[in-house]
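In case you want the letters, here they are:
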Amino acid sequence: MTVAPATPGFPPPGPPPGRVGVVGAGLIGTSIGLALGVHGIEVLLADIDPEQIKIAEAMGAGQPWHGEPVGHAVIAVPPHAVAGELRKVQRAGLAETVSDVASVKARPIVEAVQAGCDLSMWCPAHPIAGRERGGAASARADLFAERAWVVCPVPHTSPAALAATIAIARACGATPVRATPDRHDTAMAVLSHLPQVVASLLAAATPDLDAGELALAGQGFRDATRLADSDPSLWSSILEGNRGPVAVRARLLSEKLARLAEVLDRGGEQEVIEVVRGLMAAGNTGRALLPRKASAAMRPLAWAWVGVVLADRPGQLGELFATIGGWEINIEDIAAFEHNLDAPAGIVEIAVSPDIVGTLLDRLAAAGWTAYRRS
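Here is what the cut-offs are and how they apply
- Residues numbered from 1 in each chain as written.
- Predicted model: local features only at pLDDT ≥ 70, side-chain atom pairs only at ≥ 80, totals over all residues.
- Heavy atoms only, no water.
- Helix = DSSP H or I, 4+ residues; strand = E, 2+ residues; numbered from the N terminus.
- Buried < 20%, exposed > 50% of the residue type's maximum accessible area, 1.4 Å probe, protein only.
- Areas by Shrake-Rupley, 256 points an atom, 1.4 Å probe, with all protein chains shown as cover.
- Lys, Arg positive; Asp, Glu negative; His and termini not counted.
- Charge placed at Lys NZ, Arg CZ, Asp CG, Glu CD.
- Pairing = 2+ DSSP bridges.
- Contact = heavy atoms within 4.5 Å.
- Axes fitted to C-alpha atoms, helices over the stretch in contact; angles between N-to-C directions.
- Arc of directions from axis to C-beta.
- Phe/Tyr/Trp six-rings, centres within 6.5 Å; stacked < 30°, edge-to-face > 60°.
- Salt bridge = Lys/Arg side-chain N within 4 Å of Asp/Glu carboxyl O.
- Polar contact = N/O pair within 3.5 Å; in protein donor to acceptor, adjacent residues only side chain to side chain.
- Core = buried A, V, L, I, M, F, W, Y, C linked by side-chain atoms within 4.5 Å.

Caption draft 1: Expanded view of the overall build of the chain. Counting secondary structure elements, the chain contains 13 helices and 14 strands. When the backbone C-alpha atoms are referred to their principal axes, the chain occupies close to 65 × 55 × 45 Å. Residue burial in the chain is summarised as follows: out of 375 residues, 39% are buried. Surface exposure of the chain reaches about 19700 Å², of which carbon and sulfur atoms provide 57%. Counting 31 positive and 39 negative side-chain charges, the chain places the centres of these two groups 5 Å from one another.

Caption draft 2: Quick look at the sheet that holds strand S2 (residues 19–23). Spatial strand order, S4-S3-S2-S5-S6-S7: 6 strands in an open sheet with parallel pairing. Bordering the open sheet on either side are strand S4 (63–64) and strand S7 (122–123), each of which pairs with just one other strand. Here strand S5 (residues 70–75) runs beside strand S6 (residues 95–100); their pairing, made up of 5 bridges, is parallel. Paired with Val 74 across the two strands is Ser 99, which belongs to S6. Each of S2, strand S3 (42–46) and S5 touches helix H1 (residues 27–37); the most contacted strand, S2, lies at about 165° to it.

Caption draft 3: Main features of helix H3 (residues 82–91). Residues of H3 that are buried: Val 82, Ala 83, Glu 85, Leu 86, Val 89 and Gln 90. Each buried residue of H3 sits inside an arc of 165° when the element is viewed along its axis, so together they form one side. Along H3, exposed side chains directed more than 90 degrees from the buried face belong to Lys 88 and Arg 91. Against the buried residues of H3 lie S2, S5, S6, helix H4 (106–114) and S7.

Caption draft 4: The arrangement of the packing of aromatic side chains in detail. Under the counting rule described, the total for this entry stands at 1 aromatic pair. Note on Phe 144 and Trp 149: the rings are 5.2 Å apart at their centroids and 50° apart in plane angle, and the pair reads as tilted. Using a relative accessible area of 1% as the deciding quantity, one classes Phe 144 as buried.

Caption draft 5: Looking closely at the pattern of salt bridges. With the rule as written, the count across this model stands at 11 salt bridges. With a closest N to O distance of 3.6 Å, Lys 54 and Glu 51 form a salt bridge. Linking Lys 54 with Glu 51, this pair stays in helix H2 (residues 50–58), spanning 3 residues, or about one helical turn. A relative accessible area of 52% places Lys 54 in the exposed class. The class for Glu 51 is partly exposed, based on a relative accessible area of 43%. Residue Glu 111 is joined to Arg 107 by a salt bridge in which the shortest nitrogen-to-oxygen separation is 3.1 Å.

Caption draft 6: Expanded view of the side chain of Asp 100. Tracing the backbone shows Asp 100 in strand S6. Asp 100 sits in the buried class, given a relative accessible area of 0%. Here Ala 102 takes part through its backbone nitrogen, which lies 3.0 Å from a polar atom of the side chain of Asp 100. For Asp 100, the side chain forms a polar contact with the side chain of Lys 105, separated by 2.8 Å. Not counting residues up to four positions away in its chain, the partners in contact with Asp 100 are Ile 75, Val 82, Lys 105, Trp 122, Cys 123, Pro 124, Ala 125 and His 126.

Caption draft 7: The arrangement of the sheet that holds strand S13 (residues 345–352) in detail. In spatial order, the strands read S12-S13-S11-S14; together these 4 strands make up an open sheet with antiparallel pairing. Every other strand in the sheet has two partners, leaving strand S12 (333–334) and strand S14 (371–373) as the edge strands with one partner each. Running at roughly 135° to strand S11 (residues 304–311), helix H12 (residues 316–326) makes contact with S11, S12 and S13 of the sheet. Packed onto the sheet, helix H13 (residues 357–366) meets S11, S13 and S14 and runs at close to 10° relative to S11.

Caption draft 8: Main features of the environment of Pro 195. Residue position: Pro 195 is located in helix H6 (residues 181–204). When its relative accessible area of 28% is taken as the criterion, Pro 195 is described as partly exposed. With 30 residues separating them along the chain, Pro 195 and Thr 225 place their C-alpha atoms 9.4 Å apart. With sequence-adjacent residues up to four places away left out, Pro 195 is seen in contact with Ala 189, Val 190 and Leu 227.

Caption draft 9: Region of interest: unusual backbone geometry. Here the phi dihedral of Glu 146 falls at roughly 60°; this positive angle occurs in a residue that is not glycine. In this model, Glu 328 sits at a positive phi of 60°, which is unusual for a non-glycine residue. Inspection of the secondary structure assignment puts Glu 328 in the loop between H12 and S12. Using a relative accessible area of 75% as the deciding quantity, one classes Glu 328 as exposed.

Caption draft 10: Quick peek at the nonpolar core. Core analysis: the biggest nonpolar cluster contains 35 residues, and Ile 32, Leu 36, Phe 144, Trp 149 and Cys 172 have the highest contact counts within it. Put simply, the parts of the chain that give this core at least two residues each are S2, H1, S3, H2, strand S9 (148–151) and helix H5 (159–171). In this structure Phe 144 touches Ile 28, Ser 31, Ile 32, Pro 127, Ala 129, Trp 149, Cys 172, Gly 173 and Ala 174, once residues within four positions along its chain are discounted. Core analysis: the next-biggest nonpolar cluster, separate from the first, contains 22 residues, Leu 44, Ile 75, Ala 102 and Ile 109 among them.

Written out as structure tokens, the structure reads:
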């Protein structure tokens, strides 16, 4: 995938349309309305559920769409419904250009062709953002801030449709990234769709435990199963639409789990240790490859993490950042702040370039901070 606008074929950045229609006032559609509204863009909303429109309107995401023409329409519906909604918008002549936000791309494109849609005015797209809770009430204006927004134009997509889609993404605070539909679907199978399945399977195992045992669930289990709160109807559409790539990855994962189970059942002590170490090391490597920023999508970098102990008094965090900033060291990311309300101190972990960790630790120690490199 490539980040706009450095890649040949991306149009230069331009202003978004003054009036945008959004079909689907759920989490994504309403969040788009809120984000565009910050820039004074007029947003019109349509949804089969009038209650979602009422909520979205009350939140300030836009006004009901009664068929007024718009410069650009965003189709924010599940993958199986994209082609049908695209056809309706085109037949009614409601928009000059159209994009969508579905997390599956190849299948809706095939269905759009079968439905006789005009592909020239449509740019398939997908913002990489969301929450486990859906609906307009869960929408946020900053949902897309510093997130990737994948654009997957087909050969027929016009420059105007591509430019409008990129402008919408930028107006929402996202970083446009270009990919082919097939590569997008393969990546989503690994990074989004299979994780959803795994989270749901893990959470589905809890009925085997009684109430006392469930109380033992730590933060690791809660983090790993957060996605299990997702909407079954939406995810049935996503997984059905991307069944091929997800099936491939599910089989690979199944084979690795079966291998682990076999070793745990029958292997000797040393074999078990070696297999588990290999599994954990591979996981460490995979995590290290993840870029920390959407704009770094093409430059995965294994940031080094440094923990700093903060005394429980006002201004400590600001003082730390000001100190590091004074040394002209860039903080690439910040982990969740670890602090027990009963403790006199807490820990903040920051990500920095690996080649300056030693220098940073030395300077922090000299300045009186207690710091360490996270292993």
